[in-house]
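# What the coordinates show
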Amino acid sequence: MEKDRQQNLHIANQNRRNMSAMITSLDYGIGRITSTLENTNQLNETIIVFLSDNGGHIMMMDGSSLGSSNLPLRGAKCTLYEGGVRTPAFIKIPQSKGTNTSLVYDGLFHAVDWLPTLAALAGINLLEEEAEVYRTDGIDHSGTFQALYSNSAVTAPRDQVVLDIDPVYDQAGIIAGNFKLLIGNPAPLNFSIVYPLLAADETHYKDVDATRNYADMVANTAKQVAYAASTEQCLALSCMSKDMALYDLSVDNSEEYDIAWRFSAITTELRAALSIHTDRPPLPTSVL
């Protein structure tokens, strides 16, 4: 809307300004929803979750900028770098289940964890339901959130996250604690750059100087279609590239320094942890 664009005129780059205007509009929309819930006495009976499915998408197939920024994280949507897989999120729990205090949870949380966590907060015990129907890889974090609110000791229930296992794009990744192992090509569509820092207010945002190889993307899509129809599918890490990179996210969330050479034992350990998932037989087509 025009009024949202007017609020972002201080941003010189047009693509960045348009993106910011859309976020401003989204902000107002969420505010209207929460105000309505409050005015109808439903806010304290509602769990609100705000999240994203991936990092910012920085450019179109032709290389033109979309105005997103994942700084200071490396990469973007379609990559296994932190700029593609780490996103901000928040959850508002009704006052009857917590307090109005804003707290930060810095443990690992995977998208599949939302189902058991929200079910538990709503008083639904999935373990009591039919196991096959409600089987999930998700982990319930509701107890962790409650411990945060009560200032109790917090133990994160999840200690690792599998990011991807993709033999077509030749990429796989896993995070365990502070360490992250990437195998193959984490950015098959040329989003592997580490972006220069922008001004704090991002007023001087500039389009990222990078190109996306459209021909390669079309070729990879064709490979995916062929792979899906193949009877010789191989998800094992042995079928993928031997290239590996290890990062310590506690001190290097921009993933600039590959330390696999220095911590070979951790690299081997994380590769073995990832192999557990690749060595599992695929689900039968009847449950897909």
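What counts, and at which threshold
Residues numbered from 1 in each chain as written. Predicted model: local features only at pLDDT ≥ 70, side-chain atom pairs only at ≥ 80, totals over all residues. Heavy atoms only, no water. Helix = DSSP H or I, 4+ residues; strand = E, 2+ residues; numbered from the N terminus. Buried < 20%, exposed > 50% of the residue type's maximum accessible area, 1.4 Å probe, protein only. Areas by Shrake-Rupley, 256 points an atom, 1.4 Å probe, with all protein chains shown as cover. Core = buried A, V, L, I, M, F, W, Y, C linked by side-chain atoms within 4.5 Å. Salt bridge = Lys/Arg side-chain N within 4 Å of Asp/Glu carboxyl O. Phe/Tyr/Trp six-rings, centres within 6.5 Å; stacked < 30°, edge-to-face > 60°. pLDDT = per-residue confidence, 0-100. Contact = heavy atoms within 4.5 Å. Polar contact = N/O pair within 3.5 Å; in protein donor to acceptor, adjacent residues only side chain to side chain.

### Brief notes about the overall build of the protein chain
- Broken down by element type, the protein chain carries seven helices and six strands.
- For the protein chain, the succession of helices and strands along the chain, N to C, is α-α-β-α-β-α-α-β-β-β-α-β-α.
- Looking at the protein chain as a whole, 36% of its 288 residues are labelled buried.
- As displayed, the protein chain has an accessible area near 17,300 Å², and 54% of this comes from carbon and sulfur atoms.

### Brief notes about the nonpolar core
- Membership of the largest hydrophobic core is limited to twelve residues, which are A172, I174, A176, F179, L181, I183, L246, I259, A260, L270, A273 and L274.
- Of all the elements in the fold, those that place two or more residues in this core are β4 (171-176), β5 (179-184) and α7 (264-278).
- Ranked by size, the runner-up nonpolar core spans eleven residues in total, among them Y81, L108, V161 and Y247.

### Remarks on the pattern of salt bridges
- Taken as a whole, this structure holds six salt bridges when the rule is applied.
- Where R86 meets E82, a salt bridge forms, and the shortest distance between an N and an O atom there is 2.8 Å.
- Judged by relative accessible area, E82 falls into the buried class, the value being 2%.
- Here E82 makes a salt bridge to K180, at a shortest N to O gap of 2.7 Å. Placement of the pair is E82 in helix α3 (residues 82-85) and K180 in strand β5, with a sequence separation of 98 residues.

### With respect to the packing of aromatic side chains
- On inspection of all chains with the given rule, the structure shows five aromatic pairs.
- Judged by centre distance (4.6 Å) and plane angle (55°), the rings of F109 and W114 are tilted.
- Residue classification places W114 among the buried positions, given a relative accessible area of 13%.
- Aromatic side chains F179 and F263 sit 6.0 Å apart centroid to centroid with 55° between the ring planes, which places their arrangement in the tilted category. Placement of the pair is F179 in strand β5 and F263 in the loop between β6 (244-248) and α7, with a sequence separation of 84 residues.
- In textbook terms, an aromatic cluster arises when at least three aromatic residues are bridged by ring pairs, as seen for Y105, F109, W114 and F145.

### Quick word on the environment of W261
- When you line up the elements, W261 lands in the loop between β6 and α7.
- Along the sequence, W261 and M244 sit 17 residues apart, while their C-alpha atoms lie 9.7 Å from each other.

### Some thoughts on the confidence of the model for the protein chain
- The predicted model of the protein chain has a mean per-residue pLDDT of 79, with 71% of residues at 70 or higher.
- The low-confidence segment residues 283-288, where pLDDT is below 50, has two contacts with residues more than four positions distant or belonging to other chains.

### Brief notes about the side chain of S254
- Along the chain, the position of S254 falls in the loop between β6 and α7.
- A polar contact is formed between the side chain of S254 and the backbone oxygen of P72, at a distance of 2.6 Å.

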